[in-house]
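# Reading the structure
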Amino acid sequence: MSFCGHTFCSNCIDSHWDEENDRGIYSCPQCAKRFRLRPNPMKTVLSEEHPKKLQLQDAAADLCFAGPEDVACDVCTWRKMKAIKTCLVCLASYCEKHLKHHNESSAFQKHELVDPSKNLHEKVCSHHNEVKESLCHTDQQCISHPCNMAQHSCHEAVPAAAQRNDKQRVVEVSQQDIHQRIQEREKDMMLLQQEMQAINASIDEAVDQIDVCFARMGPNPYLQKRRREMEQQLRSQQQTALRGVKELHEKVEQEITQLERKGEQLAHTEDQRHGNTTVSALIESTASISFETAALRYLEDVSAAVSENRENLQDIMRQTRTNLSLSDTEEEAHLPPQPQPQTREDFLQYSQQIHLDPNTAHSRLFLSDRDKRVTYTRRDQHYPYHPDRFTGSFQVLSRESLTGRCYWEVDYRGTVDVAVANSNTPRSGNSAAGLFGFNDKSWSLVCDSKRFTFLHNNNETPVSVPPSSRVGVYLDHRAGILSFYSITDTMTLIHKVKTTFTQPLHAAIAVFGEGHVAQLVKPQ
């Protein structure tokens, strides 16, 4: 007689077999193996580590036993094991051990096995005690073969297996669609987060600019009141825009939750060939949230508010400068005029460190060397949204606004514009009016390996000075003097402008071709 080899406490196994003695059946409590005669168990003294091994064995065995939520094997007689398949011909469920007959015997090869089903009675016709093999499309219910021959003979019926396969394909396609839509909505969530960050950055920078400009204009009750009004207007616009974007964010979150819930319901949908339940309710499409237009509207509102405040600020500065210019002129009238620099040493006295502003750089321009070097690239740099960014031309402004006297130098390779521009130079659009030198807000020296050309307000001025790889720029904002110099072993004047500057200026650079580079360098 062969034993199963499982180990038990001698008192427990004797008590178990004493209960089975009346029936003349002796079985292993763990694997349910039966013995014709009562076995004579082999006694073993366990070491200290054996109980731990037994605990692990018992825990592993417990995972195989059927719990309240599991489908139990119909063949197990003592403690029921978990069923792994249900036979629709035998109308019974089997654990892994008792399913071997269906896998090994040819008599069971035609039996249809499905995932364990608790509601097996719903799949059996109560009138004929046979499995419902067909689906009646006319009455939308599953029927057995006798039902089909009797009450449903004139109706349209299809095999339930085919119907189940069709539904399964629909479920799989729907799950793929739901997964794709969840991914799209998660990308939308990230974009909305970026939009909120862009709104905050744009408003914060505008408020900082207002504070700096009003601080320069000095203490004045009227100016301080105007400053508070402008800041309050910007903060109000910021809150309105953020509130709108957050509402869109919440709607997208709700849609993701709905899609995930539908995906879970589809994943747990059982075999649908018996009963009237369909999956149409589960795969019903969820209305998509189209937020692009709304989010863009909020950004446009913020950009418009920033632009309006920038114009108002410029008007206030212009008016204040006009009111102060009389007193400045009277003071300057009593002072001897300051001479313009003549030698390189004179220019170097006004040398200023210039940095390029990433918030204004076109997406095809790559800034490096601590924002002093700019290179044209074919790939977008994926800069965050900013209202001051150039979108129609490959241009960038300096972070510093320039007033008084200042001097800087630019090394270049390829074709570049070395320019000076107002802060309100056009930023968008593909027209020539947005290029440096093609409007009245910028003065540009076009530099390449063949010649220099000066441009302002779409007027071109030829230059006879031979090109060089370095250009110096001198600005005397108060005197209205702007001059460009070719830097070699000596400084050679390229072109000089005499005008009136009414606003602070910025150093500006445009780069036009792949591999073309411009770099702000420290004059020596």
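Coordinates for the structure precede this section.
Our subject in this report is the structure included herewith. Please read all numbers here as calculations on a predicted model, not as lab measurements.

## Description of the overall build of the chain
- Along the backbone of the chain there are 8 helices and 21 strands.
- Counting every position in the chain, which comprises 524 residues, the buried fraction comes to 40%.
- Working note: accessible area of the chain is about 30500 Å², and carbon and sulfur atoms make up 49% of it.

## Quick look at the pattern of salt bridges
- The tally for this structure, following the rule as stated, stands at 16 salt bridges.
- Of the charged contacts, one joins Lys85 and Asp115 as a salt bridge, the two residues approaching to 3.4 Å between their closest N and O atoms. In this pair, Lys85 is assigned in strand 3 (residues 85-87) and Asp115 in the loop between strand 5 (113-114) and strand 6 (134-136), connecting sequence segments 30 residues apart.
- Lys85 sits in the partly exposed class, given a relative accessible area of 27%.
- Within this structure, Arg344, Glu409, Asp411 and Arg470 form a network of salt bridges that share partners.

## Considerations on the pairing of strand 18 (residues 481-487)
- Within strand 18, 7 of the 7 residues are buried, which leaves the element mostly enclosed by the surrounding structure.
- Covered by surrounding structure in strand 18 are Ile481, Ser483, Tyr485 and Ile487 together with Leu482, Phe484 and Ser486, the residues of both alternating faces.
- Here strand 17 (residues 470-476) folds back onto strand 18 in antiparallel fashion, the turn holding 4 residues, of which Gly480 has a positive phi close to 75°.
- Note that strand 18 and strand 19 (residues 491-498) share 7 bridges and pair antiparallel. Note on strand 19: the bridge partner recorded for Ser486 is Thr492.
- Here strand 18 hands over to strand 19 after 3 residues, the two strands then running antiparallel side by side.

## Points about the sheet that holds strand 12 (residues 405-413)
- The strand order across the open sheet built from 7 strands is 9-10-21-12-17-18-19, with neighbouring strands paired in antiparallel fashion. Looking along the sheet, the strands with just one partner apiece sit at the ends: strand 9 (365-368) and strand 19. Averaged over all neighbouring strand pairs, the angle between strand axes comes to 20°, with direction disregarded.
- Where strand 12 and strand 21 (residues 517-521) come together, 5 bridges link them in antiparallel fashion. The partner of Val410 across the bridge, within strand 21, is Leu520.

## Some details on helix 1 (residues 10-20)
- Turning to helix 1, its buried residues are Ile13, His16, Trp17 and Glu20. Buried residues of helix 1 fall within an arc of 90° about the axis and therefore sit on the same side. Residues of helix 1 that are exposed and angled more than 90 degrees away from the buried face: Asn11 and Glu19.
- On the buried face of helix 1, the contacting elements are strand 1 (26-27).

## Some details on unusual backbone geometry
- At Asp369, a residue that is not glycine, the phi angle is positive and equals roughly 50°.
- Mapping Asp369 onto the fold places it in the loop between strand 9 and strand 10 (373-376).
- Judged by relative accessible area, which is 42%, Asp369 ranks as partly exposed.

## Looking at the packing of aromatic side chains
- In this structure the tally under the stated criterion is 8 aromatic pairs.
- Here Phe347 and Tyr407 contribute two aromatic rings whose centre-to-centre distance is 5.5 Å and whose plane-to-plane angle is 40°, an arrangement assigned as tilted. A residue pair is termed long-range when its members are at least 10 positions apart, and Phe347 in helix 8 (residues 344-348) and Tyr407 in strand 12 qualify at 60 residues.
- By relative accessible area, Tyr407 is classed as buried at 0%.
- A centroid spacing of 4.9 Å and a plane angle of 65° characterise the contact between Tyr376 and Phe394, whose relative ring orientation is edge-to-face.

## Structural notes on the sheet that holds strand 14 (residues 442-447)
- Strand order across the open sheet formed by 6 strands is 11-20-13-14-15-16, with antiparallel pairing between neighbours. The open sheet has two free edges, formed respectively by strand 11 (395-397) and strand 16 (459-462), since each of these has just one partner strand. Strand after strand, the sheet turns through a mean of 20° between neighbouring axes, direction not considered.

## Some points on the nonpolar core
- Trp408, Val471, Leu482 and Ile509 are the most contacted members of the largest nonpolar core, which has 37 residues in total.
- Beyond its immediate stretch of four places on either side in the chain, Leu482 contacts Val420, Trp443, Val473, Tyr474, Leu475, His495, Lys496, Val497 and Phe501.
- Core analysis: the second largest hydrophobic core is formed by 26 residues, Ile199, Phe214, Leu248 and Ala305 among them.

## Focus on the side chain of Ser442
- On the secondary structure map, Ser442 appears in strand 14.
- Judged by its relative accessible area of 0%, Ser442 is buried.
- Among the polar contacts listed, one links the side chain of Ser442 to the backbone nitrogen of Gly437, at a separation of 2.8 Å.
- If we ignore the near neighbours within four places in the chain, the residues touching Ser442 are Val420, Ala421, Leu435, Phe436, Gly437, Leu455, His456 and Asn457.

## Overview of the environment of Ala32
- Relative to the helices and strands, Ala32 resides in the loop between strand 1 and strand 2 (34-35).
- Residue classification places Ala32 among the partly exposed positions, given a relative accessible area of 29%.
- Sequence spacing of Ala32 and Cys76 is 44 residues, and the spatial spacing of their C-alpha atoms is 7.6 Å.

Basis of the calculations
Residues numbered from 1 in each chain as written. Predicted model: local features only at pLDDT ≥ 70, side-chain atom pairs only at ≥ 80, totals over all residues. Heavy atoms only, no water. Helix = DSSP H or I, 4+ residues; strand = E, 2+ residues; numbered from the N terminus. Buried < 20%, exposed > 50% of the residue type's maximum accessible area, 1.4 Å probe, protein only. Areas by Shrake-Rupley, 256 points an atom, 1.4 Å probe, with all protein chains shown as cover. Salt bridge = Lys/Arg side-chain N within 4 Å of Asp/Glu carboxyl O. Pairing = 2+ DSSP bridges. Axes fitted to C-alpha atoms, helices over the stretch in contact; angles between N-to-C directions. Arc of directions from axis to C-beta. Contact = heavy atoms within 4.5 Å. Phe/Tyr/Trp six-rings, centres within 6.5 Å; stacked < 30°, edge-to-face > 60°. Core = buried A, V, L, I, M, F, W, Y, C linked by side-chain atoms within 4.5 Å. Polar contact = N/O pair within 3.5 Å; in protein donor to acceptor, adjacent residues only side chain to side chain.

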